[in-house]
Amino acid sequence: MNENITFAELGLSNAMLRALEKKGYGYPTTIQAEAIPPFMEWKDVIAKAPTGTGKTFAFGIPMIEHVNPESEDVQGLILAPTRELAIQIGDELRGLLTYYRGIRVAVLYGGAGIGGQIKQLEKKPQIVVATPGRLMDHYNRKNIRLDRIQTVVLDEADRMLDMGFFKDVTKILDKIKNRKNMGLFSATISQEVMTVSWMYQRDEVEITVEPKQEDRPDIDQFSIRVTPLEKAETALRLIRTQGFERVMIFCNTKHMCQRLCDDFQRAGMDCECIHGDIRQSQREKTMQRYRDGKLPILIATDVASRGIDVDDVDCVINYDVPEENEYYVHRIGRTGRAKRKGSAYSIIGNFPEKAKLDEIAKYSQYTIQPVVLGVDGILTEETVQAPKLPKRRFR
């Protein structure tokens, strides 16, 4: 595929090209350049692509282009594993609709009042973004019809099916009798994703975007070794001395997430945290503040953070080394987006964390530079000393 292809060469409408230009997008990413043409031709697509490569536009652009604004039927459905991701997709689609008339988007997810969502559905949206459980809830209440849907997309399909939504998803797909095409977008092609593809797709176009391509974010990665008791102070010093304006910190547990947030707030830092025990309304408020650039530091667990898509995170800090290799890739992918340079720091407090980070570096083919953070905030390369050989004793 020609690397310098423009959005204009993909046969998009004037309204779409104007919206993309306003957002500052001139060239599609690899996934967009490869997925938009088959989608425009109503073909089924199964795509494996890492986070941060622009998947939402890859299916969102053709879906909008296919909508008939005169019709009040739901014509496009996007299923997402979490409410955060559903909200983010809804926001991105609305951003593309700046120059369109009469196309409406509704976002449906659990953990929020159903009344407001019913009002959205009463406005007759042509595109619906939903989590599977809440969509079934609305369907059972007869708030939504699925029989006129033309395109259905499963975003983060691996994550969704892994979270136990397999039954819900297949139930929904069985009800969309007249669809013309279907898209499966996934970071990994798991057994469940293959099963759904085999059951519901025909002559699908397969797309694989390797993270090694130019879409891979430009991120400087570092590790800092300290004692477990120095971790919080090290993270604080790092943020204060390096001049980062927007930081994301990841912890492995809800308990650690809350504790670190409390420590930071006591130290006078403007920060909030999101994890599973925090009310959904509070989470949304926190995430909106972060998206709007009004909150400099966000501390999160992996599950709660899914779907927070902010283009200009200066730095990601792994306060805990993640337990899954792919979580690391997903975490640091929040920085170095939109062709900007990013930085990621992993704070290592013990040997198992170091061993895990070495394994991640090998798996992801990343270079993670060990550094020392001085009291003055100066970062220097850590010199790794060769182990001393035991002295031989002659008898």
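See above for the structure.
Read on for a plain summary of the structure.

The rules behind these values
- Residues numbered from 1 in each chain as written.
- Predicted model: local features only at pLDDT ≥ 70, side-chain atom pairs only at ≥ 80, totals over all residues.
- Heavy atoms only, no water.
- Buried < 20%, exposed > 50% of the residue type's maximum accessible area, 1.4 Å probe, protein only.
- Helix = DSSP H or I, 4+ residues; strand = E, 2+ residues; numbered from the N terminus.
- Pairing = 2+ DSSP bridges.
- Contact = heavy atoms within 4.5 Å.
- Salt bridge = Lys/Arg side-chain N within 4 Å of Asp/Glu carboxyl O.
- Expected span 1.5 Å × (residues − 1).
- Arc of directions from axis to C-beta.
- Core = buried A, V, L, I, M, F, W, Y, C linked by side-chain atoms within 4.5 Å.
- Phe/Tyr/Trp six-rings, centres within 6.5 Å; stacked < 30°, edge-to-face > 60°.
- Lys NZ or Arg CZ within 6 Å of the ring centre and 35° of its normal.
- Axes fitted to C-alpha atoms, helices over the stretch in contact; angles between N-to-C directions.
- Parallel < 35°, antiparallel > 145°, perpendicular 65-115°, else oblique.
- Left-handed = near helix turned anticlockwise from the far one by under 90°.
- Nonpolar A, V, L, I, M, F, W, Y, C, P; charged D, E, K, R; others polar.

### Let's talk about the pairing of strand S11 (residues 297-300)
Here is step 1: Here S11 shows a buried face lined by Ile297 and Ile299 and a second buried face lined by Leu298 and Ala300.
Here is step 2: Sheet topology note: the strand S9 (residues 247-250)/S11 ladder contains four bridges and is parallel. Opposite Met248, over in S11, you have Leu298 as the bridge partner.
Here is step 3: Relative to S11, strand S10 (residues 271-274) runs parallel, the two being bridged by four bridges. Counterpart to Glu272 in the pairing with S11 is Leu298.

### Focus: the environment of Ile347
Here is step 1: The residue Ile347 is located in strand S13 (residues 341-348) in this model.
Here is step 2: When its relative accessible area of 0% is taken as the criterion, Ile347 is described as buried.
Here is step 3: Remark: the alpha-carbon pair of Ile347 and Lys142, spanning 205 residues in sequence, is separated by 51 Å.
Here is step 4: Once residues lying within four places of it in the same chain are set aside, the contact partners of Ile347 are Ile224, Val226, Lys231, Thr234, Ala235, Ile317, Asn318, Tyr319 and Glu353.

### Regarding the pattern of salt bridges
Here is step 1: Applying the stated criterion to the full structure yields 16 salt bridges.
Here is step 2: The salt bridge involving Asp147 is made with Arg145; its shortest N-O contact spans 2.7 Å.
Here is step 3: With a closest N to O distance of 3.3 Å, Asp270 and Arg289 form a salt bridge. With Asp270 in the loop between helix H10 (254-266) and S10 and Arg289 in helix H11 (residues 280-291), the pair connects residues that are 19 residues apart, well separated along the chain.
Here is step 4: The exposure class assigned to Asp270 is partly exposed, which follows from its relative accessible area of 37%.

### Let's talk about H11
Here is step 1: The end-to-end C-alpha distance of H11 is 16 Å, a good match for the 16 Å that 12 residues give at a rise of 1.5 Å each.
Here is step 2: Every buried residue of H11 is listed here: Gln280, Arg283, Thr286, Met287, Tyr290 and Arg291. Relative to the axis of H11, the buried residues are bounded by an arc of 135 degrees and lie together on one face.

### Re the nonpolar core
Here is step 1: Residues Ile61, Ile64 and Phe185 are the most contacted members of the largest nonpolar core, which totals 42 residues.
Here is step 2: For this core, the secondary structure elements donating two or more residues are helix H1 (14-22), helix H2 (30-40), strand S1 (45-48), helix H3 (55-66), helix H4 (83-96), strand S3 (105-108) and strand S4 (127-130).
Here is step 3: Residues in contact with Ile64, not counting those within four places in the same chain, are Met16, Leu93, Leu96, Leu97, Tyr100, Ile103 and Ile127.
Here is step 4: With 30 residues, the next largest nonpolar core counts Phe244, Met256, Leu260 and Ile299 among its residues.

### Considering the packing of aromatic side chains
Here is step 1: A full pass over the atoms with the stated rule returns five aromatic pairs.
Here is step 2: Each residue in the set Phe39, Phe59 and Phe185 is aromatic and connected to the rest through ring pairs, giving one cluster.
Here is step 3: Of note, Lys180 hangs over the ring of Trp42, and the distance from its end group to the ring centre comes to 4.4 Å.
Here is step 4: It is Arg246 that lies over the ring of Tyr290; its NZ or CZ is 5.6 Å from the centre.

### Observations concerning the packing of helix H6 (residues 132-140) against helix H7 (residues 157-175)
Here is step 1: Across the interface, H6 lies against H7 with an axial gap of 9 Å and an inter-helix angle of 30 degrees. By the angle between their directions, the pair H6 and H7 is classed as roughly parallel. Pair H6 / H7 crosses with left-handed handedness. The residues of H7 that touch H6, namely those facing Pro132, Gly133, Leu135, Met136 and Tyr139, are Met160, Phe165, Asp168, Val169, Lys171, Ile172 and Lys175.
Here is step 2: Partitioning the contact of H6 with H7 into residue classes produces eight nonpolar, one polar and three charged.

Any functional reading would require information beyond the geometric quantities listed.
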